[in-house]
Amino acid sequence: MGPASGYMNRHLTLTNRINLPFALIHLFFQAARLVERAQGPSRRRVPVLRRFVACPELARTVQRCLRVHAAPGPQPLVLECAPGPGVLTRTLLNSGARVVALESDQAFLPDLQSLEKSLGGQLKVVYGDFFRLDPLVTGPVKPPTVCSEKLFESVGVAAVPWRADVPVKIFGIIPQKKERNMLWRLIFALYECSSIYRYGRMELNMFISEKEYKILTAKPGEKRIYQALTVLWQVGCEIQLLHMEPWASFLTNLKSGGLAIPKSTALPNDHLCLVRLTPRKDLFTGSMKNTNSATFVFLVKQCLAKPSSRIIDKLNSWSLYDACKLLRELEIPEDAETVSLYPEDYMRLFDALQNSNVFTESWFHDEVLQSVRNINF
């Protein structure tokens, strides 16, 4: 029995557990063989851990989730990030969706490109990595790194006004080791209207860990999990849980066929959560603009750096004149901890500070710029 047999046996257990009919088991094993082939004995570098939708039943679940609350008529283009063996790709195509498959592993490209040639323009395959999109470098980039401008130009996606309908649905499984950094990159791009958000309100449909989902949807007062990332995503997007799936349902690119489930002691983390993040139409209709949004990001990060700190102390540290009066006007208790403020409270505080002299001070701008540079991209 070779190494491939042990690998396939690991996934046979999965197919038995979910009780798939024979035809679907055949598709599952085709996907498993593609992943195994992509590992390749000639590969010297240890690949980044990836997870794939390889179970046809899960693929159909994802496809249905992507249609939840969809308006009648033509649907937006679906950008599938890292499709791998293409099980979900085929399911989306069979449902009538137009798909762009953005794949970073050249081992998967031949099968995807063969599928592309068999269709009349319904599928476009691009060699690239969504999770390395728009690097902070000057000059040309080396594939699979890709720039959003060239990507969207190549697939015919044009920029639309912010309040227009969603132009593209993006699906992916955020890599485990990049999860927190990717959530920061995406939210910062949203507030700046940069990267993918230069083209409008891109709808993200991402599998993220249950732990990170709990953080994104935390409530004020939950000191361990109510964070700056919580406030920024809740202010910027409508967050909708579409589906929860056990880690064991996903195929990995580990040669052992292992699951590599990350440990978590503080929060439950038994599932991957398919979460829809839809930018709010009214995000930039008030005092918030993409030109001053970095200040809002800085404000939230600073206030929640120490969740138990009092908001009055934070305002006083910025030399704000009559901070007590400002909080009374906003009906925020002076002794309130920063972790107890709701996302809308931070927006109201931002609006009020826009009219003060704090945001015009050069030292404040210097701190904002330094904070932006320190975001770990």
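## Brief notes about the packing of helix 3 (residues 56–66) against helix 4 (residues 87–94)
So, step 1. With their axes 9 Å apart at the nearest point, helix 3 and helix 4 run at an angle of 50° to one another. Put simply, helix 3 runs oblique to helix 4. Here helix 3 runs over helix 4; the crossing is right-handed. In this structure, helix 3 contributes P56, A59, R60, V62, Q63 and L66 to the contact, and helix 4 contributes V87, L88, T91 and L92.
So, step 2. For the contact of helix 3 with helix 4, the per-class residue count stands at seven nonpolar, two polar and one charged.

## Some thoughts on the nonpolar core
So, step 1. F130 and F296 are the most contacted members of the largest nonpolar core, which totals 79 residues.
So, step 2. It is helix 7 (residues 179–192) that contributes the most residues to this core, nine residues altogether.
So, step 3. Judged by nonpolar contacts, the second largest core, of 35 residues, contains V35, C55, C65 and L251.

## So, helix 13 (residues 343–354)
So, step 1. Compared with an ideal rise of 1.5 Å per residue, which puts 12 residues at 16 Å, helix 13 spans 17 Å between its outermost C-alpha atoms and is within 8% of the ideal.
So, step 2. Regarding helix 13, the residues found buried are P343, D345, Y346, M347, L349, F350, A352 and L353.
So, step 3. On the buried face of helix 13, the contacting elements are helix 9 (228–236), helix 10 (293–303), helix 11 (311–317) and helix 12 (323–329).

## Topic: the pairing of strand 2 (residues 77–81)
The side chains of a regular strand alternate between the sheet's two faces.
So, step 1. Across the five residues that make up strand 2, a large majority, five, are buried.
So, step 2. Where burial is concerned, the two faces of strand 2 agree: the one with L77, L79 and C81 and the one with V78 and E80 are both buried.
So, step 3. Here strand 2 runs beside strand 5 (residues 168–173); their pairing, made up of four bridges, is parallel. If you follow E80 over to strand 5, its bridge partner there is F171.
So, step 4. Relative to strand 3 (residues 99–103), strand 2 runs parallel, the two sharing four bridges. Paired with L79 across the two strands is V100, which belongs to strand 3.
So, step 5. Following the chain from strand 2 across helix 4 to the adjacent parallel strand 3, one finds a crossover that is right-handed.

## A look at unusual backbone geometry
So, step 1. Cis rather than trans, the peptide bond between P143 and P144 has omega equal to 10°.
So, step 2. Mapped onto the secondary structure, P144 falls in the loop between strand 4 (123–127) and helix 6 (148–154).
So, step 3. The phi dihedral of E331 is positive, around 60°, even though this residue is not glycine.
So, step 4. Along the chain, E331 turns up in the loop between helix 12 and helix 13.

## Focus on the packing of aromatic side chains
So, step 1. Counting across every chain of the model gives nine aromatic pairs.
So, step 2. Centroid distance Y191 to F296: 5.8 Å. Interplanar angle 45°. Geometry classified as tilted. Residue Y191 is located in helix 7, and its partner F296 is located in helix 10; the two are separated by 105 residues in the primary sequence. This pair shows no difference in class: Y191 is buried, exactly as F296 is.
So, step 3. With a centroid separation of 5.1 Å and an interplanar angle of 80°, the aromatic rings of F207 and F250 are classed as edge-to-face. Here the residue F207 occupies a position in strand 6 (residues 203–209), and F250 occupies one in the loop between strand 7 (237–246) and strand 8 (251–252), the gap between them amounting to 43 residues. A single burial state applies to F207 and to F250, both of which are buried.
So, step 4. Ring pairs connect the aromatic residues F171, F207 and F250, which therefore count as one cluster.
So, step 5. In this structure, K301 packs its charged tip against the face of W184, placed 5.3 Å from the ring centre.

## Let's talk about empty space enclosed by the protein
To find leftover empty space, one rolls a probe the size of a water molecule over the atoms.
So, step 1. Using the criterion set out here, one finds three cavities of 30 Å³ or more in the structure.
So, step 2. Volume-wise, the second largest cavity comes out at about 40 Å³.
So, step 3. Lining the second largest cavity, in full, are R51, I173, I174, Q176, E179, S209, W247 and L272.
So, step 4. For the lining of the second largest cavity, the residue count by class is four nonpolar, two polar and two charged.

Basis of the calculations
Every residue gets a number counted from 1 within its own chain, in the order that chain's sequence is written. Only residues with pLDDT of 70 or above have their local features reported here, since the model is predicted, and side-chain atom pairs are shown and tallied only from 80 upward, although totals for entire chains, interfaces and linings are computed over all residues. Values shown for side chains rest on all heavy atoms present in the structure; no hydrogens or waters enter the calculation. Axes, fitted as lines to C-alpha atoms, cover a helix only where it is in contact. Angles between the N-to-C directions of the axes lie from 0 to 180 degrees. Starting at the N terminus, helices and strands are each numbered in turn, a helix being any DSSP run of H or I of at least four residues and a strand any DSSP run of E of at least two. In these notes the angle categories are as follows: under 35 degrees is roughly parallel, over 145 is roughly antiparallel, 65 to 115 is roughly perpendicular, and the rest is oblique. Each crossing is labelled by how the near helix is turned from the far one, with a counterclockwise turn of less than a right angle marking it left-handed and a clockwise turn marking it right-handed. Note on contacts: a residue pair is in contact if any heavy atoms of the two residues lie within 4.5 Å. By the convention adopted, Pro, Cys, Tyr, Trp, Phe, Met, Ile, Leu, Val and Ala count as nonpolar, Lys, Arg, Asp and Glu as charged, and the other residues, Gly among them, as polar. In this text, buried Ala, Val, Leu, Ile, Met, Phe, Trp, Tyr and Cys residues form a nonpolar core when linked through side-chain atoms within 4.5 Å. Each residue is assigned to one of three classes by its accessible area relative to the maximum for its type, calculated with a 1.4 Å probe on protein chains only: buried under 20%, partly exposed between the two thresholds, exposed over 50%. To estimate how far a helix should reach, multiply one less than its number of residues by 1.5 Å. Two strands are counted as paired when DSSP detects at least two bridges linking them. Clockwise travel from the first strand over the helix to the second, with the strands pointing away from the viewer, marks a crossover as right-handed. The aromatic pairing rule takes the rings of Phe, Tyr and Trp, using the six-membered ring of Trp, and pairs them if the centres are within 6.5 Å, calling planes under 30 degrees apart stacked, those over 60 edge-to-face and the rest tilted. By definition, being over a ring means that NZ of Lys or CZ of Arg is both within 6 Å of the ring centre and within 35 degrees of the ring normal. A cavity here means a set of points on a 1 Å grid, drawn over the protein atoms and nothing else, where a 1.4 Å probe fits but cannot get out; a pocket is an open set with protein on both sides within 12 Å along at least five of seven lines, and a residue lines either one if it has an atom within 4 Å of a point. Grid points are joined across faces, edges and corners, and a volume is the space filled by probe spheres set on the points.

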